[in-house]
Amino acid sequence: MKIYSDYPGRAMRQALFDALALISIMLWVWLGVELYRLVSELRVYGEKMQTAGAGIRGTMSDIGETLGGVPFIGGGIREPFDAASAAGAELESAGVSQQEAVHQLALGLGFGLAVLPVVTILVFWLVPRLRFVRRSSTARNMALQVAGTELLALRAIANQKLGALARIDADVAGKWRAGDPAIIRKLAELELRASGVRLPAEQDGGATSGVPD
């Protein structure tokens, strides 16, 4: 598997964009986590409501049970305290609900802040990088085959722009059909260069192609 181009200039640009993409992803994830943390701090109000409600419920319930034991009048005295205890339970329940609502809000905001930019980065960075890896690996494997140079020359004739082909030779197609080894090698180099791969030494006879980095 080839991750980076054989040409230093292109490889450096790829490495730079990889680093920038990874840093951007980590930054957006960090911002999402920070937003989640900040919004989650609002749960403290729900926690206070829950604590206060639990305290009221417990206290009123204890008083009600104590006064409820008074002969003859205990039942009547207990009712207001039972009602206050029920109100405390409702306040406690509201506090729990508020905490859950804040948690869901924090999770949604944090997730939403991080996911869209990260997905965008992956679409415009990772997908092209994976395509490059697949293309360059295929081209490299093809170059190592016995008839790899001829196959790459054929791919160049089919895939490369006319201007690039014309710069090799004015009659590049004719010389390719005639099996000119120099033209075939240059076509193979052109196709490989587009894939970020250098023609292996055993394929080019160790000659310097003169292709710029």
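So, how was this worked out
- Residues numbered from 1 in each chain as written.
- Predicted model: local features only at pLDDT ≥ 70, side-chain atom pairs only at ≥ 80, totals over all residues.
- Heavy atoms only, no water.
- Helix = DSSP H or I, 4+ residues; strand = E, 2+ residues; numbered from the N terminus.
- Buried < 20%, exposed > 50% of the residue type's maximum accessible area, 1.4 Å probe, protein only.
- Polar contact = N/O pair within 3.5 Å; in protein donor to acceptor, adjacent residues only side chain to side chain.
- Contact = heavy atoms within 4.5 Å.
- Expected span 1.5 Å × (residues − 1).
- Axes fitted to C-alpha atoms, helices over the stretch in contact; angles between N-to-C directions.
- Parallel < 35°, antiparallel > 145°, perpendicular 65-115°, else oblique.
- Left-handed = near helix turned anticlockwise from the far one by under 90°.
- Nonpolar A, V, L, I, M, F, W, Y, C, P; charged D, E, K, R; others polar.

Undergrad: Can you walk me through the side chain of Arg129 in this structure?
TA: Positionally, Arg129 belongs in helix α3 (residues 74-143). Accessibility expressed as a relative area gives 11% for Arg129, which makes it buried. Polar side-chain contacts of Arg129 include one of 2.9 Å to the side chain of Asp18. Once residues within four sequence positions are removed from consideration, Arg129 is found in contact with Ile3, Tyr4, Gln14 and Asp18.

Undergrad: What is the right way to read helix α7 (residues 181-194) from this model?
TA: In an α-helix, one full turn covers 3.6 residues, which means residues spaced three or four apart are oriented alike. Between its first and last C-alpha, α7 extends 20 Å over 14 residues, near the 20 Å set by a 1.5 Å rise per residue. For α7, the complete set of buried residues consists of Ile183, Ile184, Leu187, Ala188, Glu189, Leu190, Glu191 and Leu192. Here α7 starts with a cap whose side-chain oxygen sits 2.9 Å from the backbone nitrogen of Ala182, and that cap is Asp180. Once α7 ends, the next one or two residues include Gly196, with phi positive near 75°.

Undergrad: Sorry if this is basic, but what is going on with the packing of helix α4 (residues 148-159) against α7 here?
TA: What describes two packed helices is the angle between their axes and the distance between those same axes. Between α4 and α7, the least distance of the axes is 7 Å, while the angle of their chain directions is 70°. Taken together, the axes of α4 and α7 lie roughly perpendicular to each other. Crossing geometry of α4 relative to α7 is assigned as left-handed. When α4 is examined against α7, the residues Thr149, Glu150, Leu152, Ala153, Arg155, Ala156, Ile157 and Asn159 are found in contact with a partner set consisting of Ile184, Arg185, Leu187, Ala188, Glu191 and Leu192. Of the residues that constitute the contact of α4 with α7, the class distribution is 8 nonpolar, 2 polar and 4 charged.

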